[in-house]
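Survey of secondary and tertiary structure
What follows is the residue order along each chain.
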Amino acid sequence: MKRLTTTPRNQWQAEVEKLGFGFHTTNVPYWDETVYYEMEMSEILFIEKATAELWDLSLGAVQHVMDNNLYSKFGIPEWIIPQIEKSWSEDHPAIYGRFDLCYKNGELKMLEFNADTPTSLYEAGIVQWFWLQDFDKQKDQFNSIHEKMIAYWKYLKTYLNPGALYFTCLKETLEDLTNVEYIRDCAIQAGLETKLVFIDDIGWNDNTKEFVDLENQPIKNIFKLYPWEWLLKDDFGKNILQDSNRALWIEPAWKMILSNKAILPVMWELYPDCPYLLPAYFEENKLTNYVKKPILSREGANIDLVMKNISLQKTEGEYGAEGFIYQDLFTLPNFSGHYPVIGSWLIGQEPAGMGIREADNLVTDNKSRFVPHLIG
C-alpha cells in the first residue's frame, strides 16, 4: 500500500458536481484528489477475504446476542426486541454495511462495523470511479459497488411488500440526501417504483395504524438513512410495533445490534482466534493500551486513545450516555502525518469495494478526507 501524490484534474470541482457531488468541500476539503493510494492485487484479495469472513462472524454474533438475551449490554430497550427478532427470523432485507479496517505491516484489523447508516457509499461507488477513468482508465479499483447495488435491488424486488419503496433521510442534510438519492437511483435502475419522503414528513394515521406520506398514502417499504437509535427515541418510532402494514424497514431492525460497538467485545469473546479482530471488553481494566469508545457514536466523537494508562488523544462530543467499550489500541498507519482507514463495503452479503478516509491524526472524524485508490 503506497500513498502517492498527483495533480488534481483541471476544474475537478465542476467534474464532481456533474455527478451530483455537492459536498466535496466544506470549510475543509472533503474530497481530495491531490493524493491516491495504490494497492497490490494481493492486498485487495486479502481485504476482500477478510470482509467476507468478518461478515459471517458478525451474523453469528447477532444470533449469539439473541440466544443469550444480551440486549441490555447494547442499551437496546426491551419494547423493540420483538421487532428485532422478528426481522431476523423473517430475514428482512439488508442491503449494505461497511467494515472500518486498519491495514498495517501486513495485518488487517476490524476497528468497527457501520451496519445501519453507513455514509460515503456514493463517494466509494461513483466519485472515485470517475476519477480513475480520467486519471488512468487502464487501471482498476476494488469497486463493484454500483453493479452489485443494482443487482441486489433486483433480487429483493420479490421480497418487498406491494407498493412503492420509499427513501428517507432528514431534511437539509446534503450528504445524507446525496447518498439516499444514489441508492434510490440504483433501485430505479433495478426496475423498482420509488418515492422520496423526508423523515420529518412521514406521518402516522392513528385510525388505520399505518405510516403515511404527505399525500396520506400508506408506506409499506422504506429505506432510511436515519439511525435506529434515533428512531427509538422518537415517540414516532414506537408506532413500528402497531403498524398494520408491517412495513419493511431497510436496514432491518436486527442491524441495530451490529451498528452498536457493544458487538466488538461480543465478537472477541466468541472468536478470539480470528486474526482480524482486536481484543475488546466491556470492562476498563483488561487492557493497558486501548481505545475507549461509546457503544453509540458517530464521526470519531468521544473517543479516548490510551497508552500505558495515559491519554494520547481524546475527542469531544455528545455521546457516551449508553456506555463504553474498550478495544485494544491498534493505531492507523502513518504516511508522513496522514492516517488512512479502509472502509470495506458489503452489498447484498458480498464484499463489493472500498473507500479510504484519511485523517491528520489517529482518530478518523468529520474533518477526514475521502481519497481515491487504484490497483497497481
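Residues numbered from 1 in each chain as written. Predicted model: local features only at pLDDT ≥ 70, side-chain atom pairs only at ≥ 80, totals over all residues. Heavy atoms only, no water.

Comments concerning the sheet that holds strand S1 (residues 2–5)
Where we set the bar: Being paired, for any two strands, means DSSP has found at least two bridges between them. Every helix listed is a DSSP run of H or I at least four residues long, and every strand listed is a run of E at least two residues long, numbered separately from the N terminus. Lines fitted to C-alpha atoms define the axes here, with helix axes fitted over just the stretch in contact, and angles between the N-to-C directions of these axes take values from 0 to 180 degrees. Contact definition: two residues touch when any of their heavy atoms are within 4.5 Å.
If you walk across this open sheet you meet the three strands as S1-S2-S19, and the pairing is mixed. Two strands lie at the open edges of the sheet, namely S1 and strand S19 (373–375), each paired on one side alone. Averaged over all pairs of adjacent strands, the angle between strand axes in this sheet comes to 30°, irrespective of strand direction. Relative to strand S2 (residues 35–39), S1 runs antiparallel, the two sharing four bridges. From the neighbouring strand, leucine 4 faces S2, where its bridge partner is tyrosine 36. Packed onto the sheet, helix H2 (residues 41–67) meets S2 and S19 and runs at close to 85° relative to S2. Packing against the sheet, helix H4 (residues 121–136) makes contact with S2 and S19, and its axis sits at approximately 60° to S19.

Quick look at the packing of aromatic side chains
Aromatic ring pairs are described here by two measures, namely the spacing of the ring centres and the angle between the planes. The line we're drawing: A pair of aromatic rings is counted whenever rings of Phe, Tyr or Trp (Trp by its six-membered ring) have centres within 6.5 Å, and the orientation is called stacked for planes under 30 degrees apart, edge-to-face for over 60 and tilted otherwise. To sort residues, take the accessible area from a 1.4 Å probe on protein chains only and compare it with the maximum for the residue type: under 20% means buried, over 50% means exposed, and anything in between is partly exposed.
Throughout the structure, instances matching the rule amount to 29 aromatic pairs. With 5.5 Å between their ring centres and 40° between their planes, phenylalanine 167 and phenylalanine 223 make a pair best called tilted. Linking phenylalanine 167 in strand S5 (residues 165–168) with phenylalanine 223 in strand S9 (residues 221–224), this pair joins segments that are 56 residues apart in sequence. Considered together, phenylalanine 167 and phenylalanine 223 belong to a single accessibility category, that of buried residues.

Some details on the sheet that holds strand S11 (residues 280–281)
With respect to topology, five strands assemble into an open sheet ordered S11-S15-S12-S13-S14, the strand pairing being antiparallel. The open sheet has two edge strands with one neighbour each: S11 and strand S14 (310–314). Strand direction decides the pairing type here: strand S12 (residues 290–294) and strand S15 (residues 324–328), joined by five bridges, are antiparallel. Across the sheet, residue proline 294 finds its bridge partner in S15, namely phenylalanine 324.

Here we look at the environment of valine 28
Within the secondary structure, valine 28 sits in the loop between helix H1 (12–18) and S2. The class of valine 28 is partly exposed, set by a relative accessible area of 28%. Separated by 98 residues in the primary sequence, valine 28 and isoleucine 126 have C-alpha atoms spaced 21 Å apart.

Digging into the pairing of S15
Pairing between S11 and S15: two bridges, direction antiparallel. Each bridged residue has a counterpart across the sheet, and for alanine 280 the counterpart in S15 is glutamine 327.

Quick look at the nonpolar core
What counts here: To form a nonpolar core, buried Ala, Val, Leu, Ile, Met, Phe, Trp, Tyr and Cys residues must be joined to one another through side-chain atoms within 4.5 Å.
In terms of nonpolar packing, the biggest core is built from 72 residues, with Phe74, Ile84, Met110, Trp249, Trp254, Ile257 and Ile263 touching the most fellow members. At 10 residues, the largest contribution of residues to this core is made by H2. Among residues more than four places away in sequence, those in contact with phenylalanine 74 are Val65, Ile257, Asn260, Ala262, Ile263, Val266 and Ile295. The next biggest cluster of nonpolar side chains, apart from the first, holds 42 residues, and it includes Val127, Trp131, Phe167 and Leu374.

Re the UniProt feature "domain: Glutathionylspermidine synthase pre-ATP-grasp-like" (unreviewed entry) in the protein
Put simply, the rule is: UniProt positions are given in the numbering used here, feature names are shortened, and annotations may be inferred rather than shown by experiment.
Under the UniProt annotation, "domain: Glutathionylspermidine synthase pre-ATP-grasp-like" (unreviewed entry) lies at residues 12–375. Counted over residues 12–375, helix gives 29% and strand 24%. Its end C-alpha atoms are 22 Å apart.

Focus on the pattern of salt bridges
This is how it is decided: Counted as salt bridges are all cases of a side-chain nitrogen of Lys or Arg within 4 Å of a carboxyl oxygen of Asp or Glu.
Per the stated rule, a full pass over the model turns up 19 salt bridges. A salt bridge links arginine 3 to glutamate 358; its shortest N-O distance comes to 2.8 Å. You can see arginine 3 sitting in strand S1 and its partner glutamate 358 sitting in strand S17 (residues 350–359), a full 355 residues away along the chain. On the basis of relative accessible area, arginine 3 is assigned to the partly exposed category, the value being 21%. Using a relative accessible area of 0% as the deciding quantity, one classes glutamate 358 as buried. Here aspartate 206 makes a salt bridge to lysine 209, at a shortest N to O gap of 3.1 Å. Classification of lysine 209 as partly exposed rests on a relative accessible area of 28%.

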